[in-house]
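Observations on chain architecture
Each chain, written out:
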Amino acid sequence: MLKISHAAGHALVTPGKQSPDGYKEWQVTNEIVKLVMMELENYEGVSQKRIDDPTGSSDLPLNKRCELINTWGANVHIDYHLNAYGAGWNHAGGTETYTYKTKPIEAAELAEKIQVNLVKELGFRNRGVKTANFQIVRDTNITAILIEFAFMTNHNEAMKMRTTEYQKKAAIAVVEGLTAQYKLVKKSVETPLANVIYRVQVGAFADINNAKVLVEELKAKGYPAILIK
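First, a word on what this report is: a plain description of the structure on this page. No experiment lies behind these values; they were computed from the predicted model shown.

Notes on the packing of helix 1 (residues 25-40) against helix 6 (residues 164-182)
Look at helix 1 against helix 6: their axes get within 9 Å of each other, and the N-to-C directions meet at 45 degrees. Regarding the angle of helix 1 to helix 6, the classification is oblique. The hand of the helix 1/helix 6 crossing is right-handed. Listed contacts from helix 6 to Val-28, Glu-31, Ile-32, Leu-35, Val-36, Glu-39 and Leu-40 of helix 1 are Gln-167, Lys-168, Ala-170, Ala-171, Val-174, Val-175 and Leu-178. When grouped by side-chain class, the residues that make up the contact of helix 1 with helix 6 number 10 nonpolar, 1 polar and 3 charged.

Okay, structure coming up:
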């Protein structure tokens, strides 16, 4: 069983963490988390847990988040963020993914796969896979990555990331990175048994003449009706 934990970065109530026009980071990352988790439900051997407040009304401290991840026994953690530079709109932009320098090679491999997919899907500048001393990737005992999908202080990127289209693109990139790294297999879909025929009865009559009239009406409309006693 592959246990994956998710967190939509900062909450609605966190000071800052918003675009110059007041659109919160969480409003974007929350939607991406939900899309990723929904899609991963289609794969075998995956267990998931969201370790942030899914309502966005509180921001769990980082030490508490790390504790929840480690206690649950996650194998992988993904933190979802939007980047920022300065206080107003500017041209800083692009996508980047972070790991911690002492994490297993698996973390770097997963980060690279997701980063390549994100650049392809979103079309923003490739800022690469980097290491950083972020607590969420440092103090978790597992493969952990932190994604900065785009800059919310870049007007072009911010407007695109608010759309369902780009949120879906981001989610696809994350899921495809996970499936490639861990060789995830989609759940089988049950198909109807072959050669099963279903019959529909549209009427039953005591008077055979009434039954014959209905049969003729159905035939006239193109239905292969027959009379059965």
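Comments concerning unusual backbone geometry
The backbone of Lys-17 sits at a positive phi, close to 50 degrees, despite the residue not being glycine. Along the chain, Lys-17 falls in the loop between strand 1 (2-7) and helix 1. The class of Lys-17 is partly exposed, set by a relative accessible area of 36%.

Quick notes on the packing of aromatic side chains
Tallying each qualifying case throughout the model produces 3 aromatic pairs. An angle of 25 degrees between the planes, with centres 6.0 Å apart, marks the rings of Tyr-80 and Phe-149 as stacked. You can see Tyr-80 sitting in strand 3 (residues 76-83) and its partner Phe-149 sitting in strand 6 (residues 143-151), a full 69 residues away along the chain. We classify Phe-149 as buried; its relative accessible area is 0%.

Brief notes about the sheet that holds strand 1
Read from one edge of the open sheet, 6 strands run 2-1-3-6-4-5, paired in mixed fashion. Whereas interior strands pair on both sides, the edge strands pair on one side only; in this sheet they are strand 2 (46-50) and strand 5 (126-131). On average, adjacent strands in this sheet sit at an angle of 20 degrees to one another, irrespective of strand direction. Where strand 4 (residues 95-99) meets strand 6, 3 bridges bridge the pair, whose relative direction is antiparallel.

What to know about the pairing of strand 5
In this sheet, strand 5 lies alongside strand 4 in parallel orientation, the contact comprising 5 bridges. If you follow Tyr-98 over to strand 5, its bridge partner there is Lys-130. As a crossover connection, the stretch from strand 4 through helix 3 (residues 105-122) into strand 5 is right-handed.

Definitions and limits used
- Residues numbered from 1 in each chain as written.
- Predicted model: local features only at pLDDT ≥ 70, side-chain atom pairs only at ≥ 80, totals over all residues.
- Heavy atoms only, no water.
- Axes fitted to C-alpha atoms, helices over the stretch in contact; angles between N-to-C directions.
- Helix = DSSP H or I, 4+ residues; strand = E, 2+ residues; numbered from the N terminus.
- Parallel < 35°, antiparallel > 145°, perpendicular 65-115°, else oblique.
- Left-handed = near helix turned anticlockwise from the far one by under 90°.
- Contact = heavy atoms within 4.5 Å.
- Nonpolar A, V, L, I, M, F, W, Y, C, P; charged D, E, K, R; others polar.
- Buried < 20%, exposed > 50% of the residue type's maximum accessible area, 1.4 Å probe, protein only.
- Phe/Tyr/Trp six-rings, centres within 6.5 Å; stacked < 30°, edge-to-face > 60°.
- Pairing = 2+ DSSP bridges.
- Right-handed = clockwise from strand over helix to strand, strands pointing away.

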